[in-house]
Amino acid sequence: MSDPQTASPSPRLVEDFDQTLVRLAEAPAFSKYTHQSQLLVRTAKLLKAPGGVAVLADRADGFDAAGVFAGTDWDMPAGLQPALVGPTLRAGGDSATLECLSELRLLAIAEARTAHAGLSAQDARAFLAEAMAANLDLLFGEATEASRERSAADSARLHGLFDLLAHRLGMGLILDRLLAEVAEIMAQRPIMSDRAVALIQAAGQAITETSVDDSVAAVARHWLSAVEAPSVLAQAEGDGYAAALAACDADQLAAEAGVFGASMNETGLVCRDHAVLVRHLSTHAPALIPAALGCSTIGQAAYAAHAPAIGALIDQAITPDTAYAIYGLSRLLGAGLVFQRPVLPGLQRLARLALHPDAVAALLPEAPADHERARTRLLAGACAVLGQPRGVDQGHNPTCQSARAISLWAQNDPGYLLDLIASAARDHDIVMDFEGQVMHSAGLDAGMAKTLHTELDAVSRLLTPHIDRLYVEMGRRTVGRLGDGHRWVNPEMHGWWVTRDFAALIELSTNAITDCSGFLRAFCSAYHPAYNGDRALVYAQPCGIAATTSSGDWVGWHAVAIQRVAQDGTGAWRVYFYNPNRDKAQNWGHGIVTSTYGNGELEGESSLLFEDFAARLYVFHYRAAETGDPTRVPDTAIEAIRAAIAASWGKGFEWHER
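The sections below set out a description of the structure shown in this document.

Quick word on the overall build of the protein chain
Line of reasoning, step 1. Helices and strands together make up the secondary structure of the protein chain, namely 31 helices and eleven strands.
Line of reasoning, step 2. Over its C-alpha atoms the protein chain spans a radius of gyration of 27 Å, differing by no more than 12% from the 26 Å that the globule rule assigns to 658 residues.
Line of reasoning, step 3. Referenced to the eigenvectors of the C-alpha coordinate spread, the extents of the protein chain come out at roughly 80 × 75 × 50 Å.
Line of reasoning, step 4. Out of the 658 residues in the protein chain, the part that is buried amounts to 55%.
Line of reasoning, step 5. Pairs at least 24 apart in sequence give 71% of the contacts found in the protein chain among residues at least 6 apart.
Line of reasoning, step 6. Accessible surface for the protein chain amounts to roughly 26,300 Å². Of this, 52% is attributable to carbon and sulfur atoms.
Line of reasoning, step 7. Each charge class in the protein chain was averaged separately, 51 positive and 75 negative side chains, and the resulting centres sit 5 Å apart.

Dropping the structure here:
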């Protein structure tokens, strides 16, 4: 975290706020409202300015006396509820501004700079701790459909508030929640683990600055060791770890390999020293590579069958800067991908590729002329995406279609994905057919993302602009056709394995929900094993959902992929799906909360009860020849899902029934 008190807003903004606060304090009761409104305008400007939240915090001990909250819901802090802080802040407007001021007033009470009847300093600290713990996404940013709808200024304001609270009160207040959040994130096994690492580092800082329970501190140190140095030797040697490995005997090296492999398997995290170890073993003790990679039985067999090629891949792709790819390489081997003909040759081709200058800049923006480092990053990124196909995410970009495409190709057609990567890297262009017409991405205008936020894995940084442009162009070529364009775009873009029959809930000509019951019956009879003849899904299939807030309100349309439908440990039927959002554990409102572990999810999967998933679905593909009888689906089940749609995102649409 950055120190929120190091920056300073313009003196004019501070002076305007101070003068308005004085006028409010001096105003008679009948004119307080006018001055309150003026104060909120100036507060909003300060909240958006660097260092502005600290200026407000320093004045918060005078807010009550001036009448900042007089006549509002925030007038009596003892009656406020921490659970309402997040929803109010996210709603925006004057209520969000007042909420920010309320949190700063509570901070002043917690720091004993002011007092308020009925609320002790300890009570104020407890309130703020609960509010912080419930809104970690506002302190450590996450990328979801709802967060992307929030303006950059609003995001900066909310982050600035919670950053200041964390610095003033200390992260020790919410250490338990920090560690729980780390566990939830890493259960999803993302390729990009920066947010988890930031949480771990904050937890590490907390245990050095405050006194915490020994068991909690032990959990924090366990996570810290995973991102810093899992073994005793690595912890002791620090920067001298490579030299220490050179002095190890065979038994010591075996012990190191076992510790690092086990740590990675348990946490999903990899540290720089892990790359140092793997590179050393590749040269001096290659038989220990499977242990250092934490390989499964299949992974061990895959390595044994292709040891020289895997060794070369390690030398070319794994460095301390690309250590994250060790996990992907392990999972690539564990999935037996090296036994698929295109995979190893495809990776070897990337290792020898002459990169286009624009591709180098995309892969390595900090050093756009360093072709060798860019090639290393590309090869490492390819290993990560192939090994963690559901760990791909769209970051802060409106490119869920592109992220889903990369994930689906990695799962269903890895050879084709490697071809696309090679083409984009070599030519800064990829070629696709749309209904027999050839399209070059290099010749197309920008797609959904006019400017790409680059906090993405290497393959996504390279491919997303190309896929995004092609997706938009394919959509443009379907304009004027009867029906949703995804009917034609998805099979053409993703591949032959996308089933060709298609159902849509929204009628585009009227933007209305049409034949909801028929749509739901079609989905149940195509995907639910109880109604489709117990047919399992062969290939993961693209579909579209209505993205919603935690209140169930419609945000927009979002691309996901159905991975499978299966029973969980309780016997309930669930849809297991891939969500391109970085944080896959989300609250979609009205009790629909996506699960990422504990209900039979594979790495990177989200899941919902079948009915809950259906209540957010709006388009899907299926194979009509392999569905059950729609009339067998009980009317009560259809009506329950239909009611859930009507009560949430569907309330903003007209309904046309057949």
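Observations concerning the nonpolar core
Line of reasoning, step 1. Core analysis: the largest hydrophobic core is formed by 93 residues, its most contacted members being Ile421 and Leu463.
Line of reasoning, step 2. Sorting elements by how many residues they give to this core places helix α24 (residues 371-387) first, with nine residues.

A look at the pattern of salt bridges
Line of reasoning, step 1. All chains considered together, the criterion is met by 28 salt bridges.
Line of reasoning, step 2. Residue Glu181 pairs with Arg195 through a salt bridge whose shortest N-O separation is 3.1 Å. Here Glu181, found in helix α11 (residues 175-187), pairs with Arg195, found in helix α12 (residues 194-209); they are 14 residues apart in sequence, far enough to count as distant.
Line of reasoning, step 3. When its relative accessible area of 8% is taken as the criterion, Glu181 is described as buried.
Line of reasoning, step 4. One salt bridge in this structure joins Asp568 and Arg574, with 3.4 Å as the shortest N-O distance.
Line of reasoning, step 5. Classification of Asp568 by relative accessible area gives buried; the value is 9%.

Quick notes on the side chain of Lys584
Line of reasoning, step 1. Here Lys584 lies in the loop between β8 (573-578) and β9 (606-609).
Line of reasoning, step 2. At a separation of 2.5 Å, a polar atom in the side chain of Lys584 contacts the main-chain carbonyl oxygen of Asn579.

Concerning the environment of Ala302
Line of reasoning, step 1. Positionally, Ala302 belongs in helix α19 (residues 297-305).
Line of reasoning, step 2. Residue Ala302 is classed as buried on the basis of its relative accessible area of 0%.
Line of reasoning, step 3. Measuring from C-alpha to C-alpha, the distance between Ala302 and Gly334 comes to 7.5 Å, with 32 residues separating the pair along the chain.

What to know about the environment of Ala458
Line of reasoning, step 1. Inspection of the secondary structure assignment puts Ala458 in helix α27 (residues 458-476).
Line of reasoning, step 2. The spatial distance from the C-alpha of Ala458 to the C-alpha of Arg168 is 37 Å, given a sequence separation of 290 residues.
Line of reasoning, step 3. With residues up to four places along the chain from it excluded, the contact list for Ala458 reads Leu363, Arg377 and Gly381.

Details of the sheet that holds strand β4 (residues 506-507)
Line of reasoning, step 1. An order of β4-β5-β11 is seen for the three strands of this open sheet, with the pairing classed as mixed. Taken across any chain shown, the strands that pair with only one partner, and hence form the sheet edges, are β4 and β11 (654-656).
Line of reasoning, step 2. Of the pairings in the sheet, the one linking β4 to strand β5 (residues 512-514) comprises two bridges and is antiparallel in character. Its bridge partner being in β5, Glu507 is matched across the sheet by Ala512.

So, how was this worked out
Residues numbered from 1 in each chain as written. Predicted model: local features only at pLDDT ≥ 70, side-chain atom pairs only at ≥ 80, totals over all residues. Heavy atoms only, no water. Helix = DSSP H or I, 4+ residues; strand = E, 2+ residues; numbered from the N terminus. Rg over C-alpha atoms; globule rule 2.2 N^0.38 Å. Buried < 20%, exposed > 50% of the residue type's maximum accessible area, 1.4 Å probe, protein only. Contact = heavy atoms within 4.5 Å. Areas by Shrake-Rupley, 256 points an atom, 1.4 Å probe, with all protein chains shown as cover. Lys, Arg positive; Asp, Glu negative; His and termini not counted. Charge placed at Lys NZ, Arg CZ, Asp CG, Glu CD. Core = buried A, V, L, I, M, F, W, Y, C linked by side-chain atoms within 4.5 Å. Salt bridge = Lys/Arg side-chain N within 4 Å of Asp/Glu carboxyl O. Polar contact = N/O pair within 3.5 Å; in protein donor to acceptor, adjacent residues only side chain to side chain. Pairing = 2+ DSSP bridges.

As far as function goes, none of this settles anything; it's purely spatial.
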